[in-house]
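In case you want the letters, here they are:
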Amino acid sequence: MGRGAGSTALGLFQILPVFLCIFPSVTSPCKILKCNSEFWAATSGSHHLGTEEAPEFCTALRAYAHCTRRTARTCRGDLAYHSAAHGIDDLMAQHNCSKDGPTSQPRLRTLPPGDSQERSDSPEICHYEKSFHKHSAAPNYTHCGLFGDPHLRTFTDTFQTCKVQGAWPLIDNNYLNVQVTNTPVLPGSTATATSKLTIIFKSFQECVDQKVYQAEMDELPAAFADGSKNGGDKHGANSLKITEKVSGQHIEIQAKYIGTTIVVRQVGRYLTFAVRMPEEVVNAVEDRDSQGLYLCLRGCPLNQQIDFQTIRSAQATEGRARRKGPSLPASPEAFTYETATAKCREKLPVEDLYFQSCVFDLLTTGDVNFMLAAYYAFEDVKMLHSNKDKLHLYERTRDLAPGNTAPSGTPPALWVALLCLSQSWLCLL
C-alpha cells in the first residue's frame, strides 16, 4: 500500500491517454475508452496514493472493473480493453482491494489550490451577465425542453409532439451544438424516444476549450468525453462545469460564459433534455437562413408533427363507447384512457399539455416511466423558465398548414373509426 503501488497506478494513468489517442475507433460499440476516462477523472490529481486514500481508490477501481465488465461483450479482441482489464487486476492486488464493496460513480478529486481547472478569478468575458450583456435591463432567458414520445417545447413556448426518428439537431449556434437521436420505443412502433444525446461546447476565447458531452441509454456520465468536469486548461475553465445531481439519472451543466444551464436526465431507458439560454445566445448564428432546421428554435417540420390531442380525444371517445357495449374490442395496451388519466394525475394534477402528453405516452407505450418523464420535464420548466406565468401550456400551439386541421363538425364516432383504421389489426380482433 506504499509508494511502489502508487507509482504503478501513476504508470497506468500515463498509459490511458495513449490509448485514448491510438484507439479512437473503439468508442462505438466498445465503450472501454469511456470506462478509462471515468476512472481517470475519478483518480486524477494525486501523484501517489497513501494509506488514508486506499478506500476511495478501491471504490474507484471497483467502479472501473464494473464498467469494463459491462462492455466486455462488445470489446472482444480490443487491445485497450484487455490492457485495462489486466491493469485493474494488478492494482486490485497491489492495494489489497476487495472485489466486493461499494462502486460509486466516478468523481473528480479536489485539485490543489491554484490549479488552472479550479481558478475562481475567471476573466469578465467568462461571465455572461458581465460581458455579453451590455445594457442595463436584465437578460431575457428562454427555455427549450424535449421529453417523452418525444414532446418538444421550443424557445418560443410552442408545444409539439413529433416523430423525428433518427438524429436531429436541437440547437446549433455560435457557441454550442446539441443533437438528439430518437429510436422506436417498441419494434415496429411509431412511438419514438430519445436514446442518445450529444452536446458540443465550442472553444471560446480564454474561457473554455472545446468540450463534448455524450449520453445514451443506460449511460449518463458525470463528465465530458475526455473525463474532465470543466472547461479545460484555460484561465476561465471553471465557467463550464458538470454537476451530478443523482447518480446515473440526473446531471446539470452550467455554462456561465454564455449564461446557459442544461439539465439531462435518464428516466427509465430514455433521456430528457432541458435548457435555459439567453435570447442573445439563441440568436447568435451565422446562417440565419438555416435556422429552421434547429428544433428548439423553429420546432419540428410539419410532416414530423403529430396532433396527439385529436388521437387522445378519439381514445377517450372509444373508452366511453366501450363502456356502453361490447361493439369495440378491448385495447391490448396496459392502460385505458381512464387508467392513464388517473395515473398521470398522481404527478401532474393540472391538466395542461404536460398532463395530456403523459396520457398520450401511457396509451402509446404502456410504460409508466413516460409519466415520470413528463413530471420531471415540468419540474425542469419550473426551475429554468424565466416567466412563471408561462409554466403551464393549455392550448395546442402547433400551427397547422391549410387542410391539416380537423373539421370542427367531425363526429366523434368518425374519429373512432379513423383510429381503428390506423390500427386495423385491432378492429379485426
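Report follows, based on the coordinates. (Residues numbered from 1 in each chain as written. Predicted model: local features only at pLDDT ≥ 70, side-chain atom pairs only at ≥ 80, totals over all residues. Heavy atoms only, no water.)

**Things to note about the state of the cysteines**
The following threshold applies: Only a pair of cysteine sulfur atoms within 2.5 Å qualifies as a disulfide here. Secondary structure counts use DSSP, requiring at least four H or I residues in a row for a helix and at least two E residues in a row for a strand, with both numbered from the N terminus. The cut-offs for exposure are 20% and 50% of the maximum accessible area for each residue type, with area from a 1.4 Å probe on protein chains only; residues under the lower value are buried, those over the upper are exposed, and the others partly exposed.
On inspection of all chains with the given rule, the structure shows six disulfides. In this model, Cys58 is linked to Cys97 through a disulfide, with the two sulfur atoms separated by 1.9 Å. Residues Cys58 and Cys97 share a disulfide whose torsion about the S-S bond is about -70 degrees; that sign makes it left-handed. A residue pair is termed long-range when its members are at least 10 positions apart, and Cys58 in helix α3 (residues 54-70) and Cys97 in the loop between α4 (79-94) and α5 (128-131) qualify at 39 residues. Judged on exposure class, the residue Cys58 and its partner Cys97 are both buried. At a sulfur-sulfur separation of 2.0 Å, the disulfide partner of Cys162 is Cys300. In this structure the cystine formed by Cys162 and Cys300 twists about its S-S bond by roughly 95 degrees; its chirality is therefore right-handed. Here Cys162 is found in strand β3 (residues 159-162), whereas its partner Cys300 is found in the loop between α7 (295-298) and β12 (305-306), with 138 residues between them in sequence. With relative accessibility at 2%, the residue Cys162 sits in the buried group. On the basis of relative accessible area, Cys300 is assigned to the buried category, the value being 5%.

**Remarks on the packing of helix α10 (residues 353-365) against helix α11 (residues 369-384)**
Let me state the cut-off plainly: What counts as an axis is a line fitted to C-alpha atoms, over the stretch in contact for a helix, and the angles between N-to-C directions run from 0 to 180 degrees. The cut-offs work like this: below 35 degrees is roughly parallel, past 145 is roughly antiparallel, 65 to 115 is roughly perpendicular, and the gaps in between are oblique. Note on convention: the crossing is left-handed when the near helix lies turned anticlockwise from the far helix by less than a right angle, right-handed when the turn is clockwise. Any two residues having at least one pair of non-hydrogen atoms within 4.5 Å are treated as being in contact. All amino acids are sorted into three groups, where Ala, Val, Leu, Ile, Met, Phe, Trp, Tyr, Cys and Pro are nonpolar, Asp, Glu, Lys and Arg are charged, and the leftover types, Gly among them, are polar.
Between α10 and α11, whose axes approach to 8 Å, the crossing angle comes to 160 degrees. One element, α10, and the other, α11, form an angle in the roughly antiparallel class. The handedness of the crossing between α10 and α11 comes out as right-handed. Contact residues: α10 offers Tyr354, Cys358, Asp361, Leu362 and Thr365, while α11 offers Phe370, Met371, Ala374, Ala377, Phe378 and Val381. Residues that form the contact of α10 with α11 fall into these classes: nine nonpolar, one polar and one charged.

**Considerations on the environment of Phe159**
As for its position among the elements, Phe159 is in strand β3. Residues Phe159 and Gly145, 14 residues apart in the sequence, show an inter-C-alpha distance of 9.5 Å.

**Here we look at the packing of aromatic side chains**
The criterion, for reference: Only Phe, Tyr and Trp rings take part, Trp by its six-membered ring, and two of them pair if their centres are within 6.5 Å. Stacked means planes under 30 degrees apart, edge-to-face means over 60, and tilted covers everything else. Charges are assigned to positions over rings by a cutoff of 6 Å between ring centre and Lys NZ or Arg CZ, combined with an angular limit of 35 degrees from the ring normal.
The final tally for this structure, using the stated rule, is nine aromatic pairs. Taking the centre distance of 6.1 Å and the plane angle of 80 degrees together, the rings of Phe201 and Phe224 count as edge-to-face. You can see Phe201 sitting in strand β6 (residues 192-201) and its partner Phe224 sitting in the loop between β7 (211-216) and β8 (240-246), a full 23 residues away along the chain. We note that Phe201, like Phe224, is buried. Taken together, the ring pairs connect Phe147, Phe159, Tyr354 and Phe378 into an aromatic cluster. In this structure, Arg276 is placed above the aromatic ring of Tyr141, and the distance from its NZ or CZ to the ring centre is 3.7 Å.

**Overview of the pattern of salt bridges**
How we decide: Within this document, salt bridges are pairs made up of a side-chain nitrogen of Lys or Arg and a carboxyl oxygen of Asp or Glu, the two lying within 4 Å of each other.
The tally for this structure, following the rule as stated, stands at six salt bridges. The residue Asp226 makes a salt bridge to Lys211 at a minimum N-O spacing of 2.6 Å. Highlighted residues: Asp226 in the loop between β7 and β8 and Lys211 in strand β7, separated in sequence by 15 residues. We classify Lys211 as buried; its relative accessible area is 6%.

**Overview of the pairing of strand β5 (residues 176-184)**
We apply this condition: Strand pairing follows a simple DSSP-based rule, namely that at least 2 bridges must link the two strands.
In terms of strand pairing, strand β4 (residues 166-172) meets β5 through six bridges, oriented antiparallel. Counterpart to Trp168 in the pairing with β5 is Val180. Pairing analysis gives nine bridges linking β5 to β6, with the strands arranged antiparallel. In the sheet register, Asn177 faces β6, and the bridge partner there is Ile200.

**Here we look at unusual backbone geometry**
Of note, Asn96 is a non-glycine position whose phi angle comes to about 50 degrees, a positive value. Looking at where Asn96 falls in the secondary structure, it is placed in the loop between α4 and α5. Even without being glycine, Asp157 reaches a positive phi, approximately 65 degrees. Mapped onto the elements of the fold, Asp157 is located in the loop between β2 (151-153) and β3.

**What about α11?**
Which entries qualify depends on this criterion: To estimate how far a helix should reach, multiply one less than its number of residues by 1.5 Å.
Taking 1.5 Å of rise per residue, the 16 residues of α11 would be expected to cover 22 Å, and the 22 Å separating its terminal C-alpha atoms lies within 8% of that figure. Among the residues making up α11, those that are buried are Phe370, Met371, Ala373, Ala374, Tyr375, Ala377, Phe378, Asp380, Val381 and Leu384.

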